[in-house]
Amino acid sequence: AQSVTQLDSQVPVFEEAPVELRCNYSSSVSVYLFWYVQYPNQGLQLLLKYLSGSTLVKGINGFEAEFNKSQTSFHLRKPSVHISDTAEYFCAVTRGGSNYKLTFGKGTLLTVNP
Amino acid sequence: NAGVTQTPKFQVLKTGQSMTLQCAQDMNHNSMYWYRQDPGMGLRLIYYSASEGTTDKGEVPNGYNVSRLNKREFSLRLESAAPSQTSVYFCASSENGVGLTGELFFGEGSRLTVL
């Protein structure tokens, strides 16, 4: 079985500061990893994904994440955040192949203050 | 391009009432999903449909039924609503399974309150 742990439920930061949202996963097989973002009163949209290849993945809005197999982590980073980045961020994991189950973490609420 | 459309966006029910949440996608995707989102719980899979004509249980199927009406539409039915089903429900679709194509496309959600 696969699972995801998001280590922080809330992360407050000031505008233009760097941010890291932490995600650890557990799985006995090779995994695909994702970060989704949910803005207030909206659905989720994909921020970035790791399927294979380079362990550093770049996504939309200046976010990036690094897949670390030895530490089973997939932390999300941005060097300088904006007010508009205030949202809830979800890490998710699935195994490759014919599979329909994407397991989500509980979410991290990022609040960017002026 | 509308993507994934859910109706209704808001609904209030009394315990024991029934209702159906509708979902339609216009991306010609094969797979469709229903999730529920509760505070501090993330998203949990209720049911999914790998392709037209098939449906399977997810993590929390009890109290729900689904119908894959055609390739575009996937509905979620609550036969006898309970307060524990108060939640935000999201429909999603993917070209094929998430393990193959790696991305879900979500609707904007349906907020259900059961009194």
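Calculation rules
- Residues numbered from 1 in each chain as written.
- Chains lettered and ligands numbered in written order.
- Predicted model: local features only at pLDDT ≥ 70, side-chain atom pairs only at ≥ 80, totals over all residues.
- Heavy atoms only, no water.
- Helix = DSSP H or I, 4+ residues; strand = E, 2+ residues; numbered from the N terminus.
- Rg over C-alpha atoms; globule rule 2.2 N^0.38 Å.
- Buried < 20%, exposed > 50% of the residue type's maximum accessible area, 1.4 Å probe, protein only.
- Contact = heavy atoms within 4.5 Å.
- Lys, Arg positive; Asp, Glu negative; His and termini not counted.
- Charge placed at Lys NZ, Arg CZ, Asp CG, Glu CD.
- Core = buried A, V, L, I, M, F, W, Y, C linked by side-chain atoms within 4.5 Å.
- Buried area = accessible area lost by both parts, 1.4 Å probe.
- Salt bridge = Lys/Arg side-chain N within 4 Å of Asp/Glu carboxyl O.
- Polar contact = N/O pair within 3.5 Å; in protein donor to acceptor, adjacent residues only side chain to side chain.
- Nonpolar A, V, L, I, M, F, W, Y, C, P; charged D, E, K, R; others polar.
- Pairing = 2+ DSSP bridges.
- pLDDT = per-residue confidence, 0-100.

Trainee: Tell me about the overall build of chain B, and name the residues and values.
Mentor: When helices and strands are tallied, chain B shows 1 helix and 11 strands. Reading the helices (α) and strands (β) of chain B from amino to carboxyl end gives β-β-β-β-β-β-β-β-β-α-β-β. Against the globule reference of 13 Å for 115 residues, chain B gives a C-alpha radius of gyration of 13 Å, in line with a compact fold. C-alpha extents for chain B along the principal axes are approximately 40 × 25 × 25 Å. For chain B, buried positions account for 50% of its 115 residues. Taking as baseline every contact in chain B between residues at least 6 positions apart, the subset at least 24 positions apart corresponds to 55%. Looking at chain B, you have 10 positive and 10 negative side-chain charges, and the mean spots of the two groups are 8 Å apart.

Trainee: Mind laying out the nonpolar core, listing which residues take part and the relevant values?
Mentor: Judged by nonpolar contacts, the single largest core of 28 residues is most densely connected at Trp35, Leu48, Phe74, Leu76 and Tyr89 of chain A. For Phe74 of chain A, the residues in contact, after removing those within four places along its chain, are Cys23, Leu33, Phe34, Trp35, Leu48, Tyr50, Ala65, Glu66 and Phe67 of chain A.

Trainee: Describe the interface of chain B and chain A, with residues and values.
Mentor: Each partner contributes residues to the interface: chain B has 26 residues there, and chain A has 25 residues. Between chain B and chain A lies a buried interface of about 1900 Å² when both sides are counted; carbon and sulfur atoms form 59% of it. Summed over the shared surface of chain B and chain A, the number is 0 salt bridges. For the pair chain B and chain A, the interface holds 3 residue pairs in polar contact (both at pLDDT 80 or more). Of all elements in the fold, only β4 (31–38), β5 (42–49) and α1 (98–101) of chain B reach the threshold of two or more residues within the side of chain B that touches chain A. A breakdown of the residues in the side of chain B that touches chain A according to their chemical character gives 12 nonpolar, 10 polar and 4 charged.

Trainee: Requested: an account of the pairing of β4 of chain B, with residues and values cited.
Mentor: All names here are of chain B. With respect to burial, β4 is a largely interior element, 8 of its 8 residues being buried. Alternating positions in β4 separate into two faces, Ser31, Tyr33, Tyr35 and Gln37 on one and Met32, Trp34, Arg36 and Asp38 on the other, with burial throughout. For β4 and strand β9 (residues 87–94), the ladder comprises 7 bridges, and the chain directions are antiparallel. Note that in β9 the partner of Tyr35 across the bridge is Phe90. With 7 bridges connecting them, β4 and β5 associate as antiparallel partners.

Trainee: Help me get a handle on the confidence of the model for chain A, residues and values and all.
Mentor: On average, residues of chain A score 92 in pLDDT, and 98% of them reach the 70 mark or higher. The element-level mean pLDDT for chain A is lowest in strand β11 (residues 103–104) of chain A, coming to 91, with strand β3 (residues 19–21) of chain A highest at 98.

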